[in-house]
Amino acid sequence: MATTEHSTQVSSEGHAPHGELSRELSLFQITMMGLGMMIGAGVFLGMGISISKAGPGGVVLTFAFNGLLAVFTAMSFAELSSAIPRAGGAYNFARIGFGRRASFLAGWMEWFASSVAGSMYAMTFSIYTILFIKSVILGVEQADTSSITLAERGLAVVTALLFIYINYRGASETGKIGAIITVGQTIFVVAIGLVGVFTALRHPERLTNFSPFMPHGWSRLLMTMGFTYVAFEGYEVIAQAGDEAKDPRRNLPKAMLYSVLIVTVIYVLVAFAVVVSVDSRDPVLNGMRPDTWIGQAQEKGFARAVDKLMPFGHLILTLAVIFSSTSALNATVYSATRASYALGRDRMLPAWFARIHPVRKTPYGALICTGVIVLSVVTLLPVTDVASSASIMFLMLFFMVNLCVIKIRRCMADELQYGFLMPLFPLFPILAIIFQILLAVWLIHMSWIAWIVAPLWIGTGFMVYQVYGKSHATITDDEIQVLDEQRHPQTDRDKIAIMVAVANPASAEDLVKSTIRLCRAKDASVELIHMVSVPDQLALTDGRALDLGKEAISTVMRDLSEHFPINTTLRYCRNAARGIVAAAREKKCRMLVMGWHGRCRHSLFSIGSTVDPIIEQSPCDVVILKNCGADKTFKKVLVPLAGGPNGALALEIADILCETGSEGASITALNVDTGRHFDIDSFVSEQIKKKGLDRKHFKVQSITASDPIEGICQAAEAYDLLVLGTTQKSILSQFASRSIPEDIACCCDKPTVLVKANTPVKSFLKRWF
């Protein structure tokens, strides 16, 4: 596992105002917790249905492909959990990645889905337990239907209450009981799979049961994958153990990947055993194919297959389902409780949800509320279609987590301490997103009611957030807080906005002259912003005690207010770059102007730990000014070009900053011949026409140089200003060496302007995502 450390971390302040959870869960216990959630009763019900829909080959491929897809999302969970090891899982990731509203809905869906899944497991346990008592102990084949229903529901309530109490006893008790049950269920299930392999070796003719391999076509595979995908979501439960696991940055990723790999092998073994369980010559088939006979029983098809596969198959299956359903019930109650606890901890739900028992160190408030949902569904509601709704919401959660891992890696890589980094980023999250959308859509073929229940629950959550959560939510370390914001009454809201980021009084004065020229040329309003970076050792709410940069803001206001109405903003956060980008997105700015003063000494960044992320992530054009003081006049401007939108913006900015009204003023477009064909004359002419510039101000020059950096720096000696377009950088290349424009800016002593153009499509995507 790759490990990387950065200078700043997102701390965990404000976790539990009523106490802290204890760290007692070992790697083995949290791995067993994930396995217990995955090897649940649902997979036994899904085997028969899957083989009826997709055929003998389809049922094996369903679990193999789902396992591969689960690994993709498990890596996203592993990376985020190693960097943000807190109870709440997807809720925490969504809050850091996309803000409060998205995180509330994530936690809301997670709470509901896990609670309803727990109800289903309680009912499954009661049904199979009563069936076992009747058929094996009492030898009763039939009984009064109403009494069975009452007995099933009664036992389900007792079972649910038992595991709610076990969770109340504490994380250690939960982990120990869960581990014991999971080991038991794993032994039974692995035994079924191994017997299937032994049977195929002893009777190789049973391999003909795989023919035809996919009798209903490959399209059915998406349907069965969507239906059974919830059987792989145990790594989400592991993410909930962030506050209670030992060494969470190391153990959470391991437990997630171990559990997914183990359960995938087990599922494929069991699916194989189901296919080879029946002899094709068995008279019970009445001429049907084995897979047809098994699938005919739908959710009871697995019981049919195991009964034929091994002696005492019915007994072994019953014990396996009893173990698996109780293990999954234990894990789902734990997961649902932690999801609602996280909502209460951050005051998205009332503080009652965040209450911690002083002795047990368990969130008993959230546990009681979770228990109410579980018991209500057990006693009052039909479970099947609601459980399908839980599957859809789990898919939506995983979709959101895969988006979060991409955004958080891009925007907060320098703020987090990772214990695990996935390889080939962002390939796996993108693949997972695509297939999760397909599976969620295909679930409508299994339960159309699920597509009614899920939106209703999400809509209810949205209203709860608007009425309560939005106004009560507490400040967390990942948020950006506004200290002071003033809007000039004469600001024209129809004008485009240019944001000016000021850091200190000394640098602020260097921005004034160029900002005036840019705003006049663009007929824009001015948004001044200063970000206060709060050190990690201070709580974010203590940022007000720091130097708030009012002197820097006042310096620029004094000079600019004579020319334009000025709006000002003071904010504090952990990372200035992220705060500036967020403000530019919020205020829908068309251009961002900021200063830069020298070579960056940090090896992780090309030209600066603040400038680099802004160039990469800004939703608008960026103009970075180096040594462009108010006392300097630019009559001769050099613009090295290589084409592209950045080169076009460089020509436009050069025309704005150049004193074109002065005698001898000119802008030289420079092409360095490096062997690549570039028609600079056509490019300059096209941009002049497109942007309405005056052709007489521009010259074109070409030079030959073995080293383009040295050639441009030498040419710049004869000019007053150098304007360069930056190079687009991928998320991986931002940690590599500087590009040519950035090297030139670092080496050249002349006043320099770096520009980055934002195309309409990129601007839209960055503004909203």
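Anything mentioned here points back to the structure above.
Computed from a predicted structure; not experimentally measured.

Some thoughts on the overall build of the protein
From N to C terminus, the protein includes 25 helices and eleven strands. Long-range pairs, those at least 24 residues apart, make up 84% of the contacts in the protein with a sequence separation of at least 6.

Quick word on unusual backbone geometry
Residue Ser211 is joined to Pro212 through a cis peptide bond whose omega torsion reads 0°. Topologically, Pro212 is positioned in the loop between α6 (171-202) and α7 (220-228). Of note, the bond from Phe425 into Pro426 is cis; its omega dihedral lies within 30 degrees of zero at 5°. Looking at the element boundaries, Pro426 is found in the loop between α14 (384-412) and α15 (427-442). With phi around 55°, Leu424 is a residue other than glycine that occupies positive phi space. On the secondary structure map, Leu424 appears in the loop between α14 and α15. Phi is positive for Lys588, close to 55°, though the residue is something other than glycine. Within the secondary structure layout, Lys588 lies in the loop between α19 (576-586) and β5 (591-595). For Lys588, a relative accessible area of 56% translates into the label exposed.

Looking at the side chain of Thr186
With respect to the helices and strands, Thr186 occurs in helix α6. Overall, Thr186 belongs to the buried group, its relative accessible area being 16%. Apart from the residues lying within four places of it in its own chain, the contact partners of Thr186 are Ile39 and Ile266.

What to know about the packing of aromatic side chains
All chains considered together, the criterion is met by 21 aromatic pairs. Here Phe77 and Phe93 contribute two aromatic rings whose centre-to-centre distance is 6.0 Å and whose plane-to-plane angle is 70°, an arrangement assigned as edge-to-face. One end of the pair, Phe77, is in helix α2 (residues 41-83); the other, Phe93, is in helix α3 (residues 90-98), with 16 residues separating them in the sequence. Assigned by exposure class, Phe77 and Phe93 land together as buried.

Thoughts on the nonpolar core
Counting 133 residues, the largest nonpolar core has Met47, Trp111, Tyr235, Tyr267, Phe302 and Ile408 as its most contacted members. For this core, the element with the highest residue contribution is α2, accounting for 18 residues. Counting residues in hydrophobic clusters, the runner-up holds 46 residues, among them Val512, Cys519, Val639 and Cys658.

Considering helix α12 (residues 313-345)
Here α12 is 33 residues long and its end C-alpha atoms lie 47 Å apart, about the 48 Å a rise of 1.5 Å per residue gives. Counting buried positions along α12 gives 29 out of 33 residues, so the element sits mostly inside the fold. Arg347 sits one or two residues past α12 and shows a positive phi near 65°.

Some points on the pairing of strand β7 (residues 636-640)
Most of β7 sits inside the fold, with four of its five residues counted as buried. Alignment of β7 against strand β8 (residues 666-673), held across five bridges, turns out to be parallel. Paired with Lys636 across the bridge in β8 is Ser666. Crossover β7 to β8 through helix α21 (residues 644-657) is right-handed. Judged from the two bridges that link them, β7 and strand β10 (residues 721-725) form a sheet pairing that is parallel. Note on β10: the bridge partner recorded for Val637 is Leu721.

Things to note about the pattern of salt bridges
Taken as a whole, this structure holds 14 salt bridges when the rule is applied. The shortest N-O distance in the salt bridge between Asp279 and Arg281 comes to 3.2 Å. Looking at Arg281, the relative accessible area reads 61%, which means it is exposed. In this structure, Glu659 and Arg517 form a salt bridge, with 3.3 Å as the shortest nitrogen-oxygen distance. Of this pair, Glu659 sits in the loop between α21 and β8 while Arg517 sits in helix α17 (residues 505-522), and the two are 142 residues apart along the sequence. Judged by relative accessible area, which is 18%, Glu659 ranks as buried. Accessibility expressed as a relative area gives 25% for Arg517, which makes it partly exposed. Via salt bridges that share partners, Arg95, Arg345 and Asp346 belong to a single interconnected network.

Thoughts on the environment of Gly234
Take Gly234: it is sitting in helix α8 (residues 234-239). Note on Gly234: relative accessible area 0%, which makes it buried. Not counting the four nearest positions on each side in its chain, Gly234 is found in contact with Gly34, Met37 and Met38.

Concerning helix α13 (residues 364-380)
Its 17 residues place the ends of α13 24 Å apart at the C-alpha level, agreeing with the 24 Å of an ideal helix rising 1.5 Å per residue. If you check which residues of α13 are buried, you get Gly365, Ala366, Leu367, Cys369, Thr370, Gly371, Ile373, Val374, Val377 and Val378.

Regarding a nonpolar patch on the surface
On the surface, a nonpolar cluster with roughly 320 Å² of combined accessible area is contributed by Ile430, Ile434, Phe435 and Leu438. Mapping Leu438 onto the fold places it in helix α15.

A word on the packing of α21 against helix α22 (residues 680-691)
Axis separation between α21 and α22 bottoms out at 10 Å; the angle between their running directions is 65°. Regarding α21 and α22, the two cross each other, and that crossing is right-handed. Of the residues in α22, those in contact with Gly644, Gly647, Ala648, Leu651 and Glu652 of α21 are Phe683, Val684, Gln687 and Lys691. Per-class residue counts for the contact of α21 with α22 are four nonpolar, three polar and two charged.

What counts and how
- Residues numbered from 1 in each chain as written.
- Predicted model: local features only at pLDDT ≥ 70, side-chain atom pairs only at ≥ 80, totals over all residues.
- Heavy atoms only, no water.
- Helix = DSSP H or I, 4+ residues; strand = E, 2+ residues; numbered from the N terminus.
- Contact = heavy atoms within 4.5 Å.
- Buried < 20%, exposed > 50% of the residue type's maximum accessible area, 1.4 Å probe, protein only.
- Phe/Tyr/Trp six-rings, centres within 6.5 Å; stacked < 30°, edge-to-face > 60°.
- Core = buried A, V, L, I, M, F, W, Y, C linked by side-chain atoms within 4.5 Å.
- Expected span 1.5 Å × (residues − 1).
- Pairing = 2+ DSSP bridges.
- Right-handed = clockwise from strand over helix to strand, strands pointing away.
- Salt bridge = Lys/Arg side-chain N within 4 Å of Asp/Glu carboxyl O.
- Patch = residues over 30% accessible without salt bridge, like charges linked within 9 Å, V, L, I, M, F, W, Y side chains within 5 Å.
- Areas by Shrake-Rupley, 256 points an atom, 1.4 Å probe, with all protein chains shown as cover.
- Axes fitted to C-alpha atoms, helices over the stretch in contact; angles between N-to-C directions.
- Left-handed = near helix turned anticlockwise from the far one by under 90°.
- Nonpolar A, V, L, I, M, F, W, Y, C, P; charged D, E, K, R; others polar.

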